[in-house]
Amino acid sequence: MRRAPAGPGHGPGPGPEAAGAARPTTAPGSGLTPEALTTGRDGLTAETAPHTGTEATATPRPTTGPGAEHATRTRPGAGPTSQTRTTDRDRLTAEATSHTGTEATATPRPTTGPGAEHATRTRPGAGPTSQTRTTDRDRLTAETAPHTGTEATATPRPTTGPGAEHATRTRPGAGPTSQTRTTDRDRLTAEATSHTGTEFAAASPSTVAPAAPDVPEVPEVPTHCPYCALQCGTRLAPRDGGAAGVRPSPDFPVNQGGLCQKGWTAPTVLTTPDRLTTPLVRDAAGTLVPTGWDTALDLVAERLRALRDAYGPDAVGVFGGGGLTNEKAYLLGKFARVALGTSQIDYNGRFCMSSAATAGNAAFGVDRGLPFPVTDLGDADVILLAGANPADTMPPLMRHLGRAALVVIDPRRTATAERAALHLQPAPGTDLALALGLLHLAVVEGLVDTAYVAARTAGFDAARQRAMAWWPERVERVTGVPVAELREAVALLAGAGRAYVLTGRGAEQHSKGTDTAAAFVNLALALGLPGRPGSGYGCLTGQGNGQGGREHGQKADQLPGYRMITDPAAREHVAGVWGVPADSLPGPGRGAYELLDALGTPDGPKALLVFGSNPAVSAPRAGHVSERLAALDLLVVADFVPSETARTADVVLPVTQWAEEEGTMTNLEGRVLRRRRALPPPTGVRTDLEVLQGLAVRLGQPADRFPSAPRTVFEELRRASRGGRADYAGISYDRLDAGEALHWPCPAEEHPGTPRLFLDRFAHPDGRARFAAVEHRDAAESPGGRFPLYATTGRSPAHYQSGAQTRRVPELTAAAPEAYVEIHPDTARRAGLDEGALARISSARGSTLARVRLVGTLRTDTVFLPFHFPAEGRANLLTSDALDPRSGMPEFKVCAVRVEPCGTP
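Each residue is numbered by its place in its chain's sequence as written, counting from 1. Residues qualify for local features only when their pLDDT is at least 70, as the model is predicted, and side-chain atom pairs are given and counted only at 80 or more; totals for whole chains, interfaces and linings, by contrast, use all residues. Working from all heavy atoms in the structure, the side-chain values ignore hydrogens and water.

Caption draft 1: Representation of the overall build of the protein chain. Each helix is a run of H or I in the DSSP string that is no shorter than four residues. Each strand is a run of E no shorter than two, and both are numbered from the N terminus. Per the secondary structure count, the protein chain includes 26 helices and 34 strands. Working rule for contacts: check all heavy atoms of both residues, and any pair within 4.5 Å makes them a contact. For the protein chain, the proportion of contacts with a sequence separation of at least 24, taken over those separated by at least 6, is 73%. Residue exposure ignores everything except the shown protein chains as possible cover, and the areas themselves are Shrake-Rupley values with a 1.4 Å probe. If you sum the accessible surface of the protein chain, you get close to 28600 Å²; carbon and sulfur atoms cover 53% of it.

Caption draft 2: Structural context of the side chain of Thr-666. The residue Thr-666 is located in strand β25 (residues 663-666) in this model. Polar contacts, as counted here, are pairs of nitrogen or oxygen atoms within 3.5 Å of one another; within protein the pair requires one atom able to donate a hydrogen and one able to accept it, and residues that are adjacent in sequence qualify only if both atoms are side-chain atoms. There is a polar contact of 3.1 Å between the side chain of Thr-666 and the side chain of Asn-326. Apart from residues lying up to four places away in sequence, Thr-666 is in contact with Asn-326, Gly-544, Asn-545, Gln-547, Gly-548, Glu-551, Arg-671, Val-672, Tyr-728 and Trp-744.

Caption draft 3: Spotlight on the pairing of strand β26 (residues 671-675). Burial here depends on accessible area, computed with a 1.4 Å probe over protein chains only, as a share of the maximum for the residue type. Under 20% is buried, over 50% is exposed, and the range in between is partly exposed. For β26, the tally of buried residues reaches 5 of 5 residues, placing the bulk of the element in the interior. Residue alternation in β26 divides its side chains into two sets, Arg-671, Leu-673 and Arg-675 and Val-672 and Arg-674, and both sets are buried. When β25 meets β26, the two strands line up antiparallel, connected through 4 bridges. When the sheet's bridge partners are listed, Thr-666 is paired in β26 with Val-672. Each pair of strands is called paired provided DSSP finds at least two bridges between the two strands. Between β25 and β26, which pair antiparallel and follow one another directly, the connecting turn spans 4 residues, one of which, Gly-670, has a positive phi of 75°. As paired elements, β26 and strand β27 (residues 742-743) share 2 bridges and run antiparallel to each other. Looking at the pairing, Val-672 lines up with Leu-742 of β27.

Caption draft 4: Representation of helix α7 (residues 354-364). Among the 11 residues that make up α7, 9 are buried, leaving the element largely enclosed by the rest of the structure. Inspection of α7 places Ser-354, Ser-355, Ala-356, Ala-357, Ala-359, Gly-360, Asn-361, Ala-363 and Phe-364 among the buried residues, and these make up the whole buried set. Of the surrounding elements, those touching the buried residues of α7 are α15 (505-508), α16 (513-526), β19 (536-539) and β28 (769-770). Positive phi appears at Gly-365, one or two residues downstream of α7, with a value of about 85°.

Caption draft 5: Here's a closer look at the packing of aromatic side chains. In this analysis, rings of Phe, Tyr and Trp, with Trp reduced to its six-membered ring, are considered paired at centre separations within 6.5 Å, and the interplanar angle assigns stacked below 30 degrees, edge-to-face beyond 60, and tilted for intermediate values. Summed over the entire model, instances satisfying the criterion amount to 13 aromatic pairs. Taking the centre distance of 6.5 Å and the plane angle of 45° together, the rings of Phe-319 and Phe-351 count as tilted. Of this pair, Phe-319 sits in strand β12 (residues 316-320) while Phe-351 sits in the loop between β13 (345-347) and α7, and the two are 32 residues apart along the sequence. Here Phe-319 matches Phe-351 in class, with each residue buried. With 5.0 Å between their ring centres and 35° between their planes, Phe-758 and Phe-762 make a pair best called tilted. With respect to class, Phe-758 is no different from Phe-762; both count as buried.

Caption draft 6: Representation of the sheet that holds strand β11 (residues 288-290). Strand order in the open sheet formed by 7 strands is β11-β10-β24-β23-β22-β12-β13, with mixed pairing between adjacent strands. With partners counted over all chains shown, the strands left at the sheet margins are β11 and β13, one partner each. Across the sheet, the mean angle separating the axes of adjacent strands is 20° when strand polarity is ignored. Here strand β22 (residues 607-611) runs beside strand β23 (residues 634-639); their pairing, made up of 5 bridges, is parallel. Directly across from Ala-607, in β23, lies its bridge partner Leu-634. Contacts between helix α5 (residues 293-311) and the sheet are confined to β10 (280-282), β12, β22, β23 and β24 (651-654), with β24 contributing the most and set at about 130° to the helix. Each axis is a line fitted through C-alpha atoms, taken for helices only over the stretch in contact, and angles between the N-to-C directions span 0 to 180 degrees.

Caption draft 7: Molecular detail of the environment of Val-651. Mapping Val-651 onto the fold places it in strand β24. Residue Val-651 is classed as buried on the basis of its relative accessible area, which comes to 1%. Separated by 351 residues in sequence, Val-651 and Val-300 have C-alpha atoms that sit 7.7 Å apart. Leaving out residues up to four positions away in the same chain, Val-651 has contacts with Leu-280, Val-281, Ala-296, Leu-299, Val-300, Leu-634, Leu-635, Val-636 and Val-637.

Caption draft 8: View of unusual backbone geometry. Here the residue pair Trp-744 and Pro-745 is connected by a cis peptide bond, since its omega of 0° sits within 30 degrees of zero. With respect to the element layout, Pro-745 can be found in the loop between β27 and β28. Unusually for a residue other than glycine, Arg-621 sits at a positive phi of about 50°. Tracing the sequence through the fold places Arg-621 in the loop between α20 (615-618) and α21 (622-630).

Caption draft 9: Structural view of the pattern of salt bridges. Salt bridge criterion: a side-chain nitrogen from Lys or Arg within 4 Å of a carboxyl oxygen from Asp or Glu. Scanning the entire structure with this criterion turns up 39 salt bridges. For the salt bridge of Asp-346 with Arg-350, the shortest nitrogen-to-oxygen distance reads 2.9 Å. Neither residue differs from the other here; Asp-346 and Arg-350 are each classed as buried. Arg-498 is paired through a salt bridge with Asp-381; the nearest N and O atoms lie 3.2 Å apart.

Caption draft 10: Local environment of the sheet that holds strand β9 (residues 244-248). Reading across from one edge, β7-β8-β9 is the order of the 3 strands in this open sheet, with antiparallel pairing throughout. In this open sheet, the two edge strands, each paired with only one partner strand, are β7 (221-224) and β9. Pairwise comparison of adjacent strand axes, ignoring direction, gives a mean angle of 35° for this sheet. The pairing of strand β8 (residues 233-238) with β9 spans 5 bridges and is antiparallel. Bridge pairing in β9 links Pro-238 to Ala-244.

Caption draft 11: Quick peek at the packing of helix α10 (residues 431-444) against helix α12 (residues 460-468). One way to put it is that α10 packs onto α12 with a least axis distance of 8 Å and a crossing angle of 105°. Accordingly, the angle class assigned to the pair α10 and α12 is roughly perpendicular. Two secondary-structure elements touch here, α10 through Leu-436, Leu-439, His-440, Val-443 and Val-444 and α12 through Phe-460, Ala-463, Arg-464, Ala-467 and Met-468. The nonpolar class holds Ala, Val, Leu, Ile, Met, Phe, Trp, Tyr, Cys and Pro. Asp, Glu, Lys and Arg form the charged class, and all remaining residues, Gly among them, are polar. Classifying every residue of the contact of α10 with α12 by side-chain character gives 8 nonpolar, 1 polar and 1 charged. Any angle that is under 35 degrees is reported as roughly parallel, and any over 145 degrees as roughly antiparallel; angles of 65 to 115 degrees are reported as roughly perpendicular and all others as oblique.

Caption draft 12: Region of the structure containing the packing of helix α18 (residues 568-578) against helix α23 (residues 710-721). Between α18 and α23, the shortest axis-to-axis distance is 9 Å and the interhelical angle comes to 155°. What the angle tells us is that α18 and α23 run roughly antiparallel. Classified by chirality, the crossing of α23 by α18 is right-handed. Note on element contacts: α23 touches α18 through Glu-716, Arg-719 and Ala-720, opposite His-573, Val-574, Val-577 and Trp-578. Of the residues in the contact of α18 with α23, the class split is 4 nonpolar, 1 polar and 2 charged. Note on convention: near helix rotated counterclockwise from far helix by under a right angle means a left-handed crossing. Clockwise means right-handed.

Caption draft 13: The arrangement of the side chain of Arg-571 in detail. Residue position: Arg-571 is located in helix α18. Although buried, Arg-571 forms no salt bridge, and the nearest oppositely charged side chain, Asp-583, lies 7.0 Å from it. Looking at Arg-571, its side chain comes within polar contact range of the main-chain oxygen of Ala-582, at 3.2 Å. Of note is the side chain of Arg-571, whose polar atom sits 2.5 Å from the backbone oxygen of Leu-585. Lys and Arg are tallied as positive, Asp and Glu as negative. Neither His nor the chain termini are counted.

Caption draft 14: Representation of the pairing of β24. Neither face of β24 is exposed, since Val-651 and Leu-653 on one face and Val-652 and Pro-654 on the opposite face are all buried. Looking at chain direction, β23 and β24 are connected through 4 bridges and run parallel. Within β24, the position partnered with Asp-639 by the bridge is Pro-654.

Caption draft 15: Seen up close, the confidence of the model for the protein chain. In the predicted model, the protein chain carries a mean pLDDT of 82, and the fraction of residues at 70 or more is 76%. Scored from 0 to 100, pLDDT reflects the predictor's confidence in each residue. A low-confidence stretch, residues 1-216 stays under pLDDT 50, and its non-local contacts, those more than four residues away or across chains, total 504 contacts.

Caption draft 16: The arrangement of α18 in detail. When α18 is considered as a whole, its buried residues turn out to be Ala-570, Arg-571, Val-574, Ala-575 and Trp-578. Down the axis of α18, the smallest arc covering the buried residues is 120°, so these residues share one side. Turned more than 90 degrees away from the buried face of α18, the exposed residues are Pro-568, Ala-569, Glu-572 and Gly-576. Among the structural elements, α6 (326-340), β20 (558-559), β21 (563-564) and α23 are those in contact with the buried residues of α18. The opening residue of α18 is Asp-567, an N-cap whose side-chain oxygen sits 3.1 Å from the backbone nitrogen of Ala-569. Directions pointing from the helix axis toward each C-beta atom define the arc.

This is the structure we're talking about:
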């Protein structure tokens, strides 16, 4: 349906827009065509694959030739017989052929040796017999090079053309003999050049021009990748036409001179043809038309005042993002509570880190994703990864995991699982039962570190009693994981001198995600890992500023410094910094999904301001959320591209991006980092801080209460965080610019920061960590009847979050152009589906369309969908709005579905 023309209740205000100005042929300066300016809130579903230029239903997958994305592979132990599977992967072979114009199979694959990218391997205990399988993927081949110390400099760039992504290379020390292997360009050849210093990759990794010797060297600006929480160090240099060249910083310890394919292509988004460069306002005919900044901000302020006067301050909601800088997150929270006076603020990090954060605060007294530097993982003997697939989601992390034996818990045979010493493959939604079973085995087999438990923890007996009900055979019945593998996992962890337990979204994005994270914390505590040098528990934060974003006030229940908004002392401190009475600050508001669910309802917000998020794609039960967005009187979106949420807005405000602005980010290890401006923003674009200041002043606030200079905002943030759990008081731009590595807490300027927490005590008053007495419960819905399969969601290596950025990068879109569903060949055959067919996947909430990829290593009761795609490809049309009662986390990782050919009623 099309959005109804603006009426008296929500018109665009005085000016040409209100007069129903004719829709322009193009939006001047916006980069948008009329087709890009959807005239309906529900126009979301009409925009299938908008960035590929083709309909999702019209992209056949070739079976031979340069476009072929699938090669047959065998899967061991999948059932009574081995099944063939196709190695999609939207990635390497397809990317190689698209750039070189030659068959992917023209690159010989080594058949022997551990260095072969597609080497045969055996998997013991996988089924009746051991089977051979091939390991593909765009990933781990890339991550082995740094460990040899000599390989990167020995990789010749292919000579068949600048787009060639595969070159043979030797890997010394990989086994009895050196073997040749094929590599994908988005990593190793690119990473190799960063180590040799002989080449500088342009924004598009498929074209690399050598520097002319007579051209002066362009100054590089050190900054960080805009994507995941690794925040890999990069160096940017301006290029003609407003573009930038990028290469990894060789001395940043987190990525150690490497980048993933998204990092290599990050600057491409800055010059995307549909970049927003002028404010847009929806006119009386329902069309977004360009306008001036004053007109747009006046309109927004006028409508906000009217709604607050009519319905109270909570009639206005604010929705932030985990990718916003610390300065933006801080000022957004202040703007909501002071300029608007609303309690209705939350952010998309609730969908990412809330379960682990809740569990971490309860167990340790503080929440920091990794309470130790990433580099510590490089010395580990064993690492357990529960629901994490860093080989696909944050590939540079894998160089720190090369020494350890990996124990991977995941329903899918992921890229990371293929690297593992042991892969436990539970049914979706049963991770909590598995964790309880592991603790049970640690107790009954005498592997608990009793001295550590007695000296440094509390609550063990209650947790132990819960775990005793989960004997191994019961766990096997519930999870499907064999008893022998459970025993092996515990033995590996307990026998290691240096061991870590790490959790990710797979374990946490459940209606019992907090308890599941707590159960893995229990296991780590029982083995004496947290707070011990060389060992520990951590959570792999997802979003770029997922850590800092939740520390400084854009979360419904928190104030800056990770203070709780219900704490009277916290309210007094922050109100004093802000220069307002403490009793003027609102209390806690709704969590992210509850906020979205309440939009446009009698008791919910009538207006919503969105900064740095795309909930029309990323929220659970996305069809319902789109309806709630459409019910608003006013939707304002600050973005730099016309995301699916922006396309439905009444007002769109174009803002700067990472390479065009100053600020700070906090990565997954609590390290505060400087984001530096390398490029001028396009004419007509403003920073989010300038937008907030402009709105605050129009709402009656003094301009100096909402500064627009990032350094000034950070100085205030330092004061507001002083004494809080996340204390930034001693961190300054000057110290960061001088090259100091500063991890919070850093309470004073002479303080060196705290890279390793808990070495002496935990953050509870008594210094002890807390066990949690948790119990397994089923997911909100289980397969059966009309919906016989589990569906789980996650990320594709080529894309990030809702895909609003990465779907605008040609190389990444070519690698993964459309929504797809991974399904076991036997399951597909029963559903009447073949490789490359278009399938309809349905749940109790709706259905989505996706291209079939046969994956023989999947469980036969499970399908997997990535969540990056828009319109009818939205995986979150299926997901449930069941929420964790403690964290507010939705149950993204499991819902009941059926799969059938497209066109089935």
